[in-house]
Amino acid sequence: MSPTWRLPKAIFKRELLGYFSNPTGYVFITLFVFLGAIAAFWQEAFFSNNLANLDQLNQIFPYLLVLFIPAISMGIWAEEKKDGTDELLLTLPATDFGIVLGKYLAAVAIYTAALILSLSHVLVLGWLGNPDSGLMVSTYLGFWLMGAALLALGMIASLLTDNLTIAFIVGAGLCAVPVFIDHAGVILTGKFQRLMETLSFREQFRDLASGMVTLSSVIYFVSFMLVMLYLNVGLLGRRHWQTGKGTVRMGWHYTVRGVALVMTVVSLTILAGRTGARVDVTAEKIHSLSSDTRKLIVGLDPNRPVFIQAYLSPQVPRSYLVPRNNIISILREFEAIGKGRVHVKVIETERYTPQAREAQERFNIRAQRVPVFLQTLGSPNEIFMGIGFNCGPEEFVIPFFDPGLPVEYELMRSLRVVSHARRKRIGVLETPARLFGGYDFESRRQNPDWSIVAELRKQYELIQIPANQDFASDLDVLVVALPHTLEQSQFDRLTEYVRKDKAVLLFVDPLPAFNPELSPQELPTRPFAGVPPGRKNAHVRTLMDALGIEWPVNQIAWDKYNPHPQFRSFPPEVVFLDAGNKSAASFNPKEVVSSGLQEVVMIYPGLLRSKGQSSTFTPLLSTGKDAGTTSWSKLVQPSLFGLQMVSNLPHEPTGESYVMAARVKGVPAGIQVNAIIIADVDMMGEQFFQLRREGAENLRLDNVTFLLNSVDQLAGDESFIALRKRRPRHRTLEAVEARTKVYEDQRLKETQDAERIAEQRLNEAQARLDHAVEELRNRPDLDEQTKRIMIANQQKVESRRFAVARANIEDEQQREIDRSRADMEASIRRIQNTIKLLAVALPPVPAFVLFLLVSLRRLRREKLGVSADRLVLR
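Since the structure is predicted, the reported quantities are computational estimates derived from the model, not experimental observations.

Peer 1: I keep staring at unusual backbone geometry and nothing clicks. Help me out?
Peer 2: Most peptide bonds take the trans form, and the phi angle of most residues other than glycine is negative. With a phi close to 50°, K339 is a non-glycine residue in the positive phi region. Along the polypeptide, K339 turns up in the loop between helix 15 (318–338) and strand 4 (342–348). Unlike most non-glycine residues, Y604 shows phi in positive territory, near 50°. Tracing the chain through its elements places Y604 in the loop between strand 18 (599–603) and strand 19 (609–610).

Peer 1: I keep staring at the environment of I286 and nothing clicks. Help me out?
Peer 2: Within the secondary structure layout, I286 lies in the loop between strand 2 (278–280) and helix 14 (291–298). The spacing of I286 and G211 is 75 residues in sequence and 8.9 Å in space, taken between C-alpha atoms.

Peer 1: Would you explain the sheet that holds strand 3 (residues 306–312) in this entry?
Peer 2: Strand-to-strand pairing in sheets goes through backbone hydrogen bonds, with the strands running parallel or antiparallel. In space, the four strands of this open sheet follow the order 4-3-7-8, with mixed pairing throughout. The open sheet has two edge strands, strand 4 and strand 8 (394–398), and neither has a second partner. On average, each strand axis in the sheet is tilted by 15° relative to the strand beside it, whichever way the strands run. Looking at chain direction, strand 7 (residues 385–391) and strand 8 are connected through five bridges and run antiparallel. Residue pairing in the sheet places F389 in a bridge with F396 of strand 8. Each of strand 3, strand 4, strand 7 and strand 8 touches helix 16 (residues 354–363); the most contacted strand, strand 3, lies at about 130° to it.

Peer 1: I tried to follow helix 7 (residues 120–128) on my own but got confused; where do I start?
Peer 2: Listing the buried residues of helix 7 in full gives S120, H121, V124, L125 and L128. End-on, the buried residues of helix 7 take up no more than an arc of 150°, which puts them together on one face.

Peer 1: Looking at this structure, I do not really get a nonpolar patch on the surface. What am I missing?
Peer 2: A surface patch of nonpolar side chains, amounting to about 590 Å² of accessible area, comprises W127, L838, L842, V845, V849, L850 and L853. Take the nonpolar patch: its biggest share by element is four residues, from helix 27 (residues 845–863). Examined against the element boundaries, W127 turns out to sit in helix 7. By relative accessible area, W127 is classed as partly exposed at 38%.

Peer 1: Can you walk me through the pairing of strand 21 (residues 627–631) in this structure?
Peer 2: Each regular strand displays side chains that alternate between the two surfaces of the sheet. Strand 21 sits mainly inside the fold: four of its five residues count as buried. The sheet contact formed by strand 16 (residues 555–559) and strand 21 spans five bridges and is antiparallel. Residue pairing for strand 21: A557 is matched across the bridge by T629.

Peer 1: Would you explain the side chain of N390 in this entry?
Peer 2: Mapped onto the secondary structure, N390 falls in strand 7. Overall, N390 belongs to the buried group, its relative accessible area being 15%.

Peer 1: What is the right way to read the sheet that holds strand 24 (residues 659–666) from this model?
Peer 2: Read across the sheet, seven strands follow the order 12-9-13-14-25-24-20 without closing on themselves; strand pairing throughout is mixed. Among the strands making up the open sheet, the edge pair consists of strand 12 (461–465) and strand 20 (616–622). Within the sheet, the average angular offset between the axes of one strand and its neighbour, ignoring direction, is 20°. The pairing of strand 13 (residues 477–481) with strand 14 (residues 500–507) spans four bridges and is classified as parallel. Across the sheet, A481 pairs through a bridge with F507, a residue of strand 14. This element, helix 19 (residues 488–498), spans strand 9 (425–429), strand 13, strand 14 and strand 25 (672–678) of the sheet and lies at about 125° to strand 14.

Cut-offs and rules
Residues numbered from 1 in each chain as written. Predicted model: local features only at pLDDT ≥ 70, side-chain atom pairs only at ≥ 80, totals over all residues. Heavy atoms only, no water. Helix = DSSP H or I, 4+ residues; strand = E, 2+ residues; numbered from the N terminus. Pairing = 2+ DSSP bridges. Axes fitted to C-alpha atoms, helices over the stretch in contact; angles between N-to-C directions. Contact = heavy atoms within 4.5 Å. Buried < 20%, exposed > 50% of the residue type's maximum accessible area, 1.4 Å probe, protein only. Arc of directions from axis to C-beta. Patch = residues over 30% accessible without salt bridge, like charges linked within 9 Å, V, L, I, M, F, W, Y side chains within 5 Å. Areas by Shrake-Rupley, 256 points an atom, 1.4 Å probe, with all protein chains shown as cover. Salt bridge = Lys/Arg side-chain N within 4 Å of Asp/Glu carboxyl O.

Remember that the coordinates give geometry; whether it matters functionally is a separate question.
Written out as structure tokens, the structure reads:
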């Protein structure tokens, strides 16, 4: 080995062995792993989110380093000064850089060992679920880079004092600066605030925590580390500075150098961020452009280039920061791949500026107000997030980019729409469901369009089809919501259209939750409200026969599977279709419409069956085996305020899987058909589009994706289907779900037993009443008039007793059901507490065992060579 590196290596080994031969070091490492486990698994959000990731730890980890890094670095120089060994060290034949490097590498090795021991967090996740290994690698790379950078900063604090306590406090203060500067909005505004937030450790770590290794983040942390090491060398070399009158003040000299280096770090980080260079290490490659996107861009006509102008606010709330950065990054990739076919211009736009006026006049892009719950201190409440696309005479505009929208898909779709002049025609049939909104005379208010209408307009030419006229023959797809609400003549016209092999997307529903009075059943009379207004539903049998399917209009499907603990109070009729449901294939993997979906929610859905005719009945969405059906008449009851849902109905699974969406294509009864039927109109409700726009954490539903996939397949355009499905896999805590299900099944059995006992007791009470009446009727000593009077009196008395008995029995039944539910919740809470205890207690065990071994070894070595009579027995 070169003599230049021999001494740094010796210093490295000395520092490393000194740390790990001292039990105090193991105490700090054990505490570090323990606190990390608490941050990762002890929070309630870990179980409510039900996801196998380290999101909770990622939020706390930078703050945890503010305390742990000074614990490692405080003794690197302060202890040398306190013991007086620094003078001997500095007289060794080595450069200042070599000495600093040896000590720094030892500190990094100590920190790396602590991180390796904290990999037990990943083992816990592997025990509870199936975490993304690529995401874990990226996350721990971020942990390591943050710690390595802060160690170089913490060494500066140790250089300034010979007191370990002061070194720890000063180190914590210095480390807090790059961690907390993302809160600069408290005292700064404008460009300075944006710059400070960009240079925050938490902000640079954000991409790494999401599974994306970016060049800007790596350069930032590495450059920060190198600058801090340079300052360490400069401060260590103070002993060589000349003093006295007329000498150059080296302190100011190194200060200027340090400022210049800091500016270099800032510049390199900004330049690296503009390159957009990144590596996607997630299992689903969700941060990389898909092959379909690249193929479309390369296939654009170079003689008809697409011009893209993005009007983005330079300062946005934190929830909009990631989508804003993704928009810029993906647009630059579009331009790089297109090689002249795509021209991108990103314009920083603020209110009351010429750029804002240009955005409004050219594309009608205006500043949108940020919802209160998404606002960030120091950021504007109204921001620009609009994009305009031009290709020759064609123009397409995204007025505002909501934070939850998939960036690549939205940009790709807009690019294709503007570059291809002709759009396919989608017809939406007018029905009482009112997808196009309009004035409601009953409620006397103007209803807006359903969000599905606005979504389809982004890709297709949308046409409103009157139900009283013949349908246009050049429609690519006809969308019909609640066909049973049509008049019979309108319904017959629709049936004839379906018989002509026209592509149709049908939404049938036994109980539309948005308006139960549009149900296909005969509505019951409300108390004191008289007969409901006459609305005669069409007979759906003819349409179902033409399609070769059976739709029981009075049956609502339910499924007890629910992967969201926070929604456990929802009734089973709110059906969660999830790829994690191991009992059945919720999404048909062989169909492009449904394969790759992860979670869909349906509200009081119906069920579909094949009649076994010559048509191809292909299930798309199905329940699991922990499912069953409920009669509409049992679930719905009239009240003074309209129709209401009955709660606490018995739900005993039948072990059968129910189809709730299917594709029918073929020749049933000699008729060519081509349709997709969905037995729930509420699955395209406004709430699902709102969740998609907001990007609600841990609730990324595929309702909108499935709807758009269905329209695309019927229209013969499947180019976007694969792109829509690009999203992280919903990796749930499968072990927790399995343990929870045991108690849920036990609660179901106890509830069924309580209901059975209550029914038996009610039958016995009814039998006693019937027996008493029968005895009076069979008495020969009474005339008929006397019998009638006595029977009437007996019936009144027994009816009162029966009513009291029924009330007592039902109260007891409800108490038993509530007790069973309380027991289940307590059992689930015990499971969670047990898992939390194990998840927090087990990770520090290896470090603690090492601590005990080192302590015993040190104690034994201290006793060597000591006479027995000098040892103190305790």
